[in-house]
2 protein chains.
Amino acid sequence: MAQEFVHVTYLAHGKQGTDWNKKAQGIAIGLTVGSWTDLPEAKRAAMQKHLGHVVAVEEGGTDAQGLSHARLTIAYPTANFTPDIPALLTSVFGKLSMDGQIRLVDIQLPAAFQRQFPGPKYGIAGIREQLNAHDRPLLMSIFKSVIGHDIPTLTEQFYQQALGGVDLVKDDEIFFDESYAPFEQRIAACRAAAERAQQETGKFTLYAANLTGPVTEIFDKARRGVEAGASALLLNVLTYGYDVLHRLAADPAITVPIMAHPALAGALYPSAHYGVSAHVLLGQLMRIAGADLSLYPSAYGSVALERAETLKIADALLAPAGELKRAFPVPSAGIHPGLVPYLYRDLGNDTVINAGGGVHGHPAGAAAGGRAFNAAIDAVVAGRTLTEAAEASPELQTALDLWGNPAEVQK
Amino acid sequence: MAQEFVHVTYLAHGKQGTDWNKKAQGIAIGLTVGSWTDLPEAKRAAMQKHLGHVVAVEEGGTDAQGLSHARLTIAYPTANFTPDIPALLTSVFGKLSMDGQIRLVDIQLPAAFQRQFPGPKYGIAGIREQLNAHDRPLLMSIFKSVIGHDIPTLTEQFYQQALGGVDLVKDDEIFFDESYAPFEQRIAACRAAAERAQQETGKFTLYAANLTGPVTEIFDKARRGVEAGASALLLNVLTYGYDVLHRLAADPAITVPIMAHPALAGALYPSAHYGVSAHVLLGQLMRIAGADLSLYPSAYGSVALERAETLKIADALLAPAGELKRAFPVPSAGIHPGLVPYLYRDLGNDTVINAGGGVHGHPAGAAAGGRAFNAAIDAVVAGRTLTEAAEASPELQTALDLWGNPAEVQK
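Residues numbered from 1 in each chain as written. Chains lettered and ligands numbered in written order. Predicted model: local features only at pLDDT ≥ 70, side-chain atom pairs only at ≥ 80, totals over all residues.

### Thoughts on the overall build of chain A
Here is step 1 of the chain: In terms of helices and strands, chain A carries 18 helices and 13 strands.
Here is step 2 of the chain: Against the 2.2 N^0.38 benchmark of 22 Å for 411 residues, chain A shows a C-alpha radius of gyration of 23 Å, consistent with a compact globule.
Here is step 3 of the chain: Dimensions of chain A along its principal axes, counting C-alpha atoms only, are 75 × 50 × 35 Å.
Here is step 4 of the chain: Here chain A holds 411 residues, and the buried ones make up 58% of them. (Helix = DSSP H or I, 4+ residues; strand = E, 2+ residues; numbered from the N terminus. Rg over C-alpha atoms; globule rule 2.2 N^0.38 Å. Buried ≥ 20, exposed ≤ 12 C-beta atoms within 10 Å, placed from the backbone.)

Here it is, written out as structure tokens:
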């Protein structure tokens with residue numbers, strides 16, 4: 001088999017006069033065969049296929065603080081890894097993450113290596129089919145609060161959200177204490193509420209239940225959730241490890257979409273000098289490991305990421321990538337109906353509009369909150385302004401009055 | 001049961017004039033019950049036990065960039081969590097990690113909550129007993145390179161290291177492709193080499209084999225490793241997730257010490273504004289989850305951390321903490337014999353001197369490299385200088401000539 005390489009690009013900062021070519025060479029050898037010049041000739045031939053090499057060194061000059069910086073791209077033979085994210089991250093950014101000011105900004109996987117990852121089981125097309133929702137963004141809402149609530153309370157919350165015509169409802173990601181509302185019973189109760197609401201609205205609503213507990217039990221628990229009627233699962237991928245997502249996605253018994261939550265990702269992506277780019281963490285790695293939907297901070301809400309970075313995350317989830325299905329980008333946090341035109345401008349139909357307070361905080365209740373969002377979504381898809389749409393939707397008008405209509409202001 | 005709280009301290013930066021009390025209040029409510037002022041009186045009584053509260057807000061003034069900063073301490077009821085690290089991190093730094101310039105700098109766990117974590121199964125006392133090594137720092141060395149080597153080559157490397165009198169040998173953490181040297185066969189071969197060396201040196205050498213593979217199989221694999229004769233296991237805790245360490249440590253069938261590798265930690269700890277402090281990641285969380293030994297960058301070597309931070313990591317591993325056993329601090333990277341006096345000054349006997357190149361790079365070979373380190377360790381324990389000790393140890397003299405003797409220079 002021909003040798004294949006994972007290409008990894010780093011942004012490194014260092015003292016003025018840093019020899020970046022030497023640094024790159026040190027990475028390429030140090031993180032693969034360990035040493036090269038010391039190796040006897042005979043040994044080199046055997047080791048050649050494990051040796052990393054430098055692809056590019058782009059020096060970037062000296063910045064305001066007098067630091068030199070460079071983008072270094074290293075090729076690592078896939079022969080050195082097993083096809084899983086712990087192996088990949090440990091190898092290309094394990095020890096290296098601690099070695100000065102260095103940030104992992106890009107990973108390119110060769111096709112044969114990437115094919116060994118599961119990728120999304122359903123992806124955008126599969127979820128649209130389940131919901132019979134085509135040619136528009138989906139709408140998701142989040143339980144307002146979950147801790148300490150019993151099943152009747154949560155079921156009523158779910159029902160109200162479903163009545164508003166949302167496509168998905170997710171648990172709060174901090175739902176760990178399940179003593180008041182155990183996993184399988186909660187799933188069964190919300191499933192019944194979804195079916196009850198469907199009789200009213202004609203729409204089925206998926207429920208992403210937060211999958212928690214010991215990693216030794218989580219796979220069985222997921223299967224039990226599916227048997228209990230789960231229509232989706234939510235996973236805190238970064239606190240559990242990407243391999244948990246990978247193995248859930250690879251399990252044929254998990255016959256529901258998996259939604260990836262970005263909890264803890266902000267400890268990794270925001271620094272200019274350290275960590276890992278958000279589009280790698282929340283786009284590429286989530287997709288190859290098998291997320292059908294990936295949440296991340298939108299550029300417009302309360303917990304914001306730069307717009308360019310959000311577009312890169314979405315691109316990593318959506319762009320053609322071998323046989324990998326496309327995953328839904330879910331820009332989140334502080335979303336209200338007035339922001340729908342921005343989200344639509346950025347991603348068109350291939351996104352999920354995700355709102356917590358923007359649904360529950362509606363003065364007329366969660367069902368009205370959902371209808372306000374759906375009116376906004378219908379408007380942008382039809383090319384109308386929210387102001388126009390609000391004439392026929394008193395719920396939307398109320399939402400725009402409360403939270404504003406910034407897209408209109410910009411015109 | 002009386003209410004108990006996890007206290008978490010954050011360092012937050014923000015615009016001048018930020019209302020830090022309001023920010024803290026928002027965290028305390030937002031990350032627990034969701035909302036409070038909206039709740040009806042009757043509901044509040046039921047929710048009181050789930051409500052977080054603000055313990056302290058210490059404003060720190062305005063920094064050089066015109067940013068205001070503050071230390072915020074929030075108390076989270078343990079009733080909201082399950083006793084595992086995914087629940088803890090997701091709850092206290094999940095969404096919050098993405099909410100502006102905020103860094104998690106301290107966690108205080110109440111005794112009853114902490115008792116639900118396994119902690120180190122052997123700890124310092126247990127490892128010393130296994131090695132019959134008391135009243136001195138231990139010595140560890142690392143395979144020089146592992147990728148692509150077969151079992152006879154690795155076994156010979158192991159044997160040479162053991163001959164030098166090292167207490168532990170660890171795999172390289174990037175050892176993932178095991179096709180040339182499968183896990184159980186490698187373990188059995190190194191075990192035999194350890195016993196062979198013991199006949200020469202009178203010392204047994206532990207071998208920490210890198211535990212890799214799918215998270216769905218890793219627990220069985222660990223048990224098979226133990227059956228094959230493993231004397232220790234190495235785990236890349238951050239890329240696999242802390243809960244994998246937790247469940248390995250809690251498994252009574254894993255009857256060997258576990259060594260935690262910090263791979264990827266540098267993506268989380270170095271920024272002044274974001275991420276999680278190194279002593280939380282590599283000290284406290286490693287210890288409660290069950291690491292018997294925790295590696296981290298030393299203050300003196302090639303991949304360095306500030307000395308004050310290394311001492312905080314060591315303190316988190318060593319200080320009394322309920323019934324938790326003490327875990328070995330293993331300051332690593334670029335260690336040579338001339339640095340032993342610094343490591344001994346910082347930690348005394350309760351540390352592992354960990355060397356890769358400092359053992360293998362010795363001009364007379366790995367066994368001589370080990371003997372040079374042991375001479376340095378014996379010297380500092382006896383209160384002698386390395387220069388004095390080198391008179392009786394040509395191996396140490398060679399090492400000091402090659403890598404320097406900075407402690408001597410400082411006198």
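### Some words on the sheet that holds strand β4 (residues 101-108) of chain A
Picture the strands of a sheet paired through backbone hydrogen bonds; they go either parallel or antiparallel.
Residues and elements named next belong to chain A.
Here is step 1 of the chain: If you trace the 5 strands from one edge of the open sheet to the other, you get β2-β3-β1-β4-β10, paired in mixed fashion. Strands at the two margins of the open sheet, each flanked by one partner only, are β2 (53-62) and β10 (275-276).
Here is step 2 of the chain: Inspection of the sheet shows strand β1 (residues 5-14) paired to β4 by 7 bridges, in the antiparallel sense. Looking at β4, one finds that Leu11 is bridged to Arg103.
Here is step 3 of the chain: Across the sheet, helix α11 (residues 278-289) lies against β4 and β10, angled at about 30° from β4, the strand it touches most. (Pairing = 2+ DSSP bridges. Contact = placed C-beta atoms within 7 Å. Axes fitted to C-alpha atoms, helices over the stretch in contact; angles between N-to-C directions.)

### Brief notes about the sheet that holds strand β8 (residues 232-236) of chain B
Residues and elements named next belong to chain B.
Here is step 1 of the chain: Strand order in the open sheet made by the 8 strands is β12-β11-β9-β8-β7-β6-β5-β13, with parallel pairing throughout. Looking at the sheet topology across the chains shown, the edges are occupied by β12 (328-332) and β13 (352-355). Geometrically, the sheet is characterised by an average inter-axis angle of 25° between neighbouring strands, direction not taken into account.
Here is step 2 of the chain: In terms of strand pairing, strand β7 (residues 206-210) meets β8 through 3 bridges, oriented parallel. What sits directly across from Ala209, in β8, is Leu233.
Here is step 3 of the chain: Along the sheet, helix α15 (residues 366-382) contacts β5 (138-142) and β13; its crossing angle with β5, the most-contacted strand, is approximately 155°.

### Notes on the packing of helix α13 (residues 340-347) of chain B against α15(B)
All names here are of chain B.
Here is step 1 of the chain: For the pair α13 and α15, interaxial distance at closest approach is 10 Å and the crossing angle is 45°. By the angle class used here, α13 and α15 are oblique. For the pair α13 and α15, the sense of crossing is right-handed. Side by side, α13 and α15 meet where Val340, Pro341 and Tyr344 of the first sit next to Ala376, Ile377 and Val380 of the second.
Here is step 2 of the chain: Residues of the contact of α13 with α15, tallied by class, amount to 6 nonpolar, no polar and no charged. (Parallel < 35°, antiparallel > 145°, perpendicular 65-115°, else oblique. Left-handed = near helix turned anticlockwise from the far one by under 90°. Nonpolar A, V, L, I, M, F, W, Y, C, P; charged D, E, K, R; others polar.)

### Quick look at the relation of the copies chain A and chain B
Here is step 1 of the chain: Superposition of chain A onto chain B requires a rotation of 180° combined with a translation of 0.0 Å along the rotation axis, giving an RMSD of 0.0 Å. Considering both components of the superposition, the chain copies are consistent with a two-fold axis. Residues of chain A ranked by C-alpha distance from the rotation axis are headed by A:Gly241, positioned 2.4 Å from it.
Here is step 2 of the chain: With an isologous cut-off of 70% or more, the 100% of interface residues of chain A that recur at the interface of chain B puts this contact in the isologous class. (Least-squares fit on C-alpha atoms with pLDDT ≥ 70 in both.)

### As for unusual backbone geometry
Here is step 1 of the chain: In this model, A:Leu264 sits at a positive phi of 85°, which is unusual for a non-glycine residue.
Here is step 2 of the chain: Structurally, A:Leu264 is set in the loop between β9 (258-261) and β10.
Here is step 3 of the chain: In this structure A:Leu264 comes out as buried when scored by C-beta crowding, with 27 C-beta atoms within 10 Å.
Here is step 4 of the chain: The phi torsion at B:Ala333 lies on the positive side, around 85°, for a residue other than glycine.
Here is step 5 of the chain: By the secondary structure assignment, B:Ala333 is in the loop between β12 and α13.
Here is step 6 of the chain: Accessibility expressed as a C-beta count within 10 Å gives 23 for B:Ala333, which makes it buried.

### Some details on the pairing of strand β11 (residues 293-297) of chain B
All names here are of chain B.
Here is step 1 of the chain: Within β11, 5 of the 5 residues are buried, leaving the element largely enclosed by the surrounding structure.
Here is step 2 of the chain: In terms of strand pairing, β11 meets β12 through 5 bridges, oriented parallel. Looking across to β12, one finds that Leu293 is bridged to Phe328.
Here is step 3 of the chain: Handedness of the crossover joining β11 and β12 through helix α12 (residues 307-318) is recorded here as right-handed. (Right-handed = clockwise from strand over helix to strand, strands pointing away.)

### Things to note about the interface of chain A and chain B
Interface extent is often summarised as the accessible area lost during association of the parts.
Here is step 1 of the chain: Taken residue by residue, the interface counts 59 residues in chain A and 59 residues in chain B.
Here is step 2 of the chain: Looking at the side of chain A that touches chain B, the elements with two or more residues in it are α2 (41-47), α3 (85-93), α9 (237-240), α10 (242-250) and β10 of chain A.
Here is step 3 of the chain: Each residue belonging to the side of chain A that touches chain B can be placed in one class, and the counts come to 30 nonpolar, 21 polar and 8 charged.

### Focus: the environment of B:Ile353
Residue and element names in this part refer to chain B.
Here is step 1 of the chain: Note that Ile353 resides in strand β13.
Here is step 2 of the chain: By the C-beta count within 10 Å, which is 29 here, Ile353 ends up buried.
Here is step 3 of the chain: Considered as a pair, Ile353 and Pro337 are 16 residues apart in the sequence and their alpha carbons are 9.1 Å apart.
Here is step 4 of the chain: When near neighbours in sequence (up to four residues on either side) are disregarded, Ile353 contacts Pro137, Leu139, Met140, Ile335, Val340, Leu343, Phe373 and Ile377.

### Looking at the environment of A:Gln65
Here is step 1 of the chain: If you trace the backbone, A:Gln65 turns up in the loop between β2 and β3 (68-77).
Here is step 2 of the chain: Through-space distance from the C-alpha of A:Gln65 to that of A:Arg371 is 51 Å; in sequence the pair is 306 residues apart.

### Observations concerning the domain arrangement of chain A
Residues and elements named next belong to chain A.
Here is step 1 of the chain: Looking at chain A, the domain boundaries give domain 1 (5-114) and domain 2 (123-410).
Here is step 2 of the chain: Computed over C-alpha atoms only, the centres of domain 1 and domain 2 are separated by 36 Å.
Here is step 3 of the chain: Each side of the interface is counted separately: domain 1 has 13 residues, and domain 2 has 15 residues.
Here is step 4 of the chain: Counting residues per element, the ones that place at least two in the side of domain 1 that touches domain 2 are α3, β4 and α4 (111-114).
Here is step 5 of the chain: Considering every element that reaches the side of domain 1 that touches domain 2, the biggest residue donor is β4, with 6 residues. (Domains from an automatic or database assignment.)

### Description of α13(B)
Residue and element names in this part refer to chain B.
Here is step 1 of the chain: Here α13 lies mainly inside the structure; 6 of its 8 residues are buried.
Here is step 2 of the chain: Along α13, the residues that are buried comprise Val340, Pro341, Tyr342, Leu343, Tyr344 and Leu347.
Here is step 3 of the chain: In the stretch just after α13, Gly348 is the one whose phi turns positive, near 60°.

### With respect to the environment of B:Gly164
Residue and element names in this part refer to chain B.
Here is step 1 of the chain: Counting through the fold element by element, Gly164 comes out in the loop between α6 (151-163) and β6 (168-170).
Here is step 2 of the chain: Remark: the alpha-carbon pair of Gly164 and Gly119, spanning 45 residues in sequence, is separated by 31 Å.
Here is step 3 of the chain: Contacts of Gly164, omitting those with residues within four sequence positions, involve Val359, Ala366, Ala367, Ala368, Gly369, Gly370 and Arg371.

### A few points about the packing of α15(B) against helix α17 (residues 394-403) of chain B
Residues and elements named next belong to chain B.
Here is step 1 of the chain: Orientation of α15 relative to α17, taken along the N-to-C sense of each, is 95°, at an axis distance of 8 Å. When the interaxial angle is binned, α15 and α17 end up roughly perpendicular. Between α15 and α17, the residues in contact are Ala368, Arg371, Ala372, Ala375 and Ala376 and Glu395, Leu396, Thr398 and Ala399, respectively.
Here is step 2 of the chain: Of the residues that constitute the contact of α15 with α17, the class distribution is 6 nonpolar, 1 polar and 2 charged.

### Focus on the nonpolar core
Here is step 1 of the chain: Counting 290 residues, the largest nonpolar core has A:Leu233 and B:Leu233 as the members making the most contacts within it.
Here is step 2 of the chain: Excluding anything up to four places from it in sequence, A:Leu233 contacts A:Ala208, A:Ala209, A:Leu211, A:Ala222, A:Gly225, A:Val256, A:Ile258 and A:Met259. (Core = buried A, V, L, I, M, F, W, Y, C linked by C-beta atoms within 7 Å.)

### A word on the confidence of the model for chain A
Here is step 1 of the chain: This prediction gives chain A a mean pLDDT of 93; 99% of its residues lie at or above 70.
Here is step 2 of the chain: ipTM for the predicted complex: 0.96, alongside a pTM of 0.96. (pLDDT = per-residue confidence, 0-100.)

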